[in-house]
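Commentary on secondary and tertiary structure
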Amino acid sequence: MKGKPAYQRLFIQLWLQRDLKPGQGFSGEEGLTLIECIMAIVVIGLTGAAIAPMMLVSVATRVQSQKTEQALELAQSEIDSVRVLFEQGEVTPALLPPVLTGVAGDRAPNVAGPISLADTATRIQEVDVNNDTTQDFVVQSFLVAKTGAADTYEMGVRVYEHRAVADNSGGALATDEARVGMTGSEGDRTEKPLSVVYTNVALTEQSESLCNLIDYTDTTGTPDKPPACN
């Protein structure tokens, strides 16, 4: 080390003796090496990459299940409101879903899904369930008149996610219910209803309601009816 300034020789001596004097210089036990830091980052990254897909699937499934429950509640609420009107004998067209005639087989499932929010073939209602000024669902409801059974109808209610109807640029949307289960995506809810309910409604307070029910439910064409129906 001859020829070097005194301060440089002192620094070199201290550096060479750093592991022999605790508390001076740097020791190999005083921290992580660069390689150890890189390995820790790699392990954390791999762990995050492994659990991220499961977290996404869990969140997506929970959201879809919640939307399905809300859709079912909306469908049941629409049916209950129409049943109350029928029980009260209220048949004002403005209060009821459209009554469709000439439907194949007199069956509500044969009625096409909505094409857009402006569809007038059936009743289309936009619903904001969260009261946040953003529409969440579209409820399609209608009545199908039953041939040979006065004041007896099959009612259909389908609940779609709002954007499925609002953004639809094709023909009528599908009518079979969207599949619900473990999913990491939106599933079928952008093109299929989240809830589909079909039921029978009739003016039950009328004296001929029992006769209408027999006519509707019998499939033989020659039902046995009480004398009051003849």
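For the structure itself, look to the data block above.
A tally of regular secondary structure across the protein chain gives four helices and five strands. Beginning at the N terminus, the succession of helices and strands in the protein chain can be written as α-α-β-β-β-β-α-β-α. For the protein chain, the proportion of contacts with a sequence separation of at least 24, taken over those separated by at least 6, is 61%. Accessible surface, the protein chain: about 14,400 Å² in total, of which carbon and sulfur atoms supply 58%.

This part takes up the pattern of salt bridges. Enumeration over the complete set of coordinates arrives at six salt bridges. A salt bridge links Arg-107 to Glu-154; its shortest N-O distance comes to 2.9 Å. Highlighted residues: Arg-107 in the loop between strand 1 (99-100) and strand 2 (123-127) and Glu-154 in strand 4 (residues 152-161), separated in sequence by 47 residues. The exposure class assigned to Arg-107 is partly exposed, which follows from its relative accessible area of 39%. Here Arg-163 makes a salt bridge to Glu-161, at a shortest N to O gap of 3.2 Å. Take Glu-161: its relative accessible area is 6%, and that puts it in the buried class. Here the salt bridges share partners, and the residues they tie into one network are Lys-67, Glu-161 and Arg-163.

This part takes up the pairing of strand 3 (residues 137-145). Burial runs high along strand 3: nine of the nine residues are buried. Residues Phe-137, Val-139, Ser-141, Leu-143 and Ala-145 point to one face of strand 3 and Val-138, Gln-140, Phe-142 and Val-144 to the other, with burial holding for every one of them. Where strand 1 meets strand 3, two bridges bridge the pair, whose relative direction is parallel. In the strand pairing of strand 3, Val-99 is matched with Leu-143. Direction of pairing for strand 2 relative to strand 3: antiparallel, over a ladder of five bridges. Its bridge partner lying in strand 3, Ile-124 is registered against Gln-140. With nine bridges joining them, strand 3 and strand 4 adopt antiparallel strand pairing. Following the sheet pairing, Ala-145 is matched in strand 4 by Tyr-153. Connecting strand 3 to the antiparallel partner strand 4 that follows it, the hairpin turn spans six residues, and Gly-148 within it adopts a positive phi of roughly 80°.

Time to look at a nonpolar patch on the surface. A contiguous nonpolar patch, built from Leu-34, Ile-38, Val-42 and Leu-46 and spanning about 410 Å² of accessible area, is present on the exposed surface. On the secondary structure map, Ile-38 appears in helix 2 (residues 34-87).

Ranked by internal contacts, the top residues of the largest apolar core, which has 22 residues, are Phe-86, Phe-137, Met-155, Val-157 and Val-159. Breaking this core down by element, the ones donating at least two residues are helix 2, strand 3, strand 4 and strand 5 (195-202). Apart from the residues lying within four places of it in its own chain, the contact partners of Val-159 are Ala-71, Leu-74, Ala-75, Phe-137, Val-138, Val-139, Pro-193, Leu-194 and Ser-195.

Here strand 4 lies mainly inside the structure; 10 of its 10 residues are buried. Residues Thr-152, Glu-154, Gly-156, Arg-158 and Tyr-160 point to one face of strand 4 and Tyr-153, Met-155, Val-157, Val-159 and Glu-161 to the other, with burial holding for every one of them. Pairing geometry for strand 4 and strand 5, over eight bridges, is antiparallel. If you follow Tyr-153 over to strand 5, its bridge partner there is Val-201.

What counts, and at which threshold
Residue positions are given per chain, counting from 1 as you read along its sequence in written order. Owing to the predicted nature of the model, reporting of local features is limited to residues with pLDDT of at least 70; listing and counting of side-chain atom pairs is limited to 80 or more, with chain, interface and lining totals taken over all residues. Only hydrogens and water are set aside when side-chain values are computed; all heavy atoms of the structure are taken into account. Numbered from the N terminus, helices here are DSSP runs of H or I no shorter than four residues, and strands are runs of E no shorter than two. Any pair of residues with heavy atoms lying within 4.5 Å of one another is described as a contacting pair. Here, Shrake-Rupley sampling with a 1.4 Å probe gives the accessible areas, and only protein chains in the shown set may cover a residue. A pair is scored as a salt bridge if a Lys or Arg side-chain nitrogen falls within 4 Å of a carboxyl oxygen belonging to Asp or Glu. Between buried and exposed lies partly exposed: a residue is buried under 20% and exposed over 50% of the maximum accessible area for its type, with that area taken using a 1.4 Å probe on protein chains only. At least two bridges found by DSSP between two strands is the condition for calling them paired. Residues enter patches when their relative accessible area tops 30% and they take part in no salt bridge; the joining distance is 9 Å for like charges and 5 Å for the nonpolar side chains Val, Leu, Ile, Met, Phe, Trp and Tyr. By nonpolar core we mean a set of buried residues, namely Ala, Val, Leu, Ile, Met, Phe, Trp, Tyr and Cys, connected to one another through side-chain atoms within 4.5 Å.

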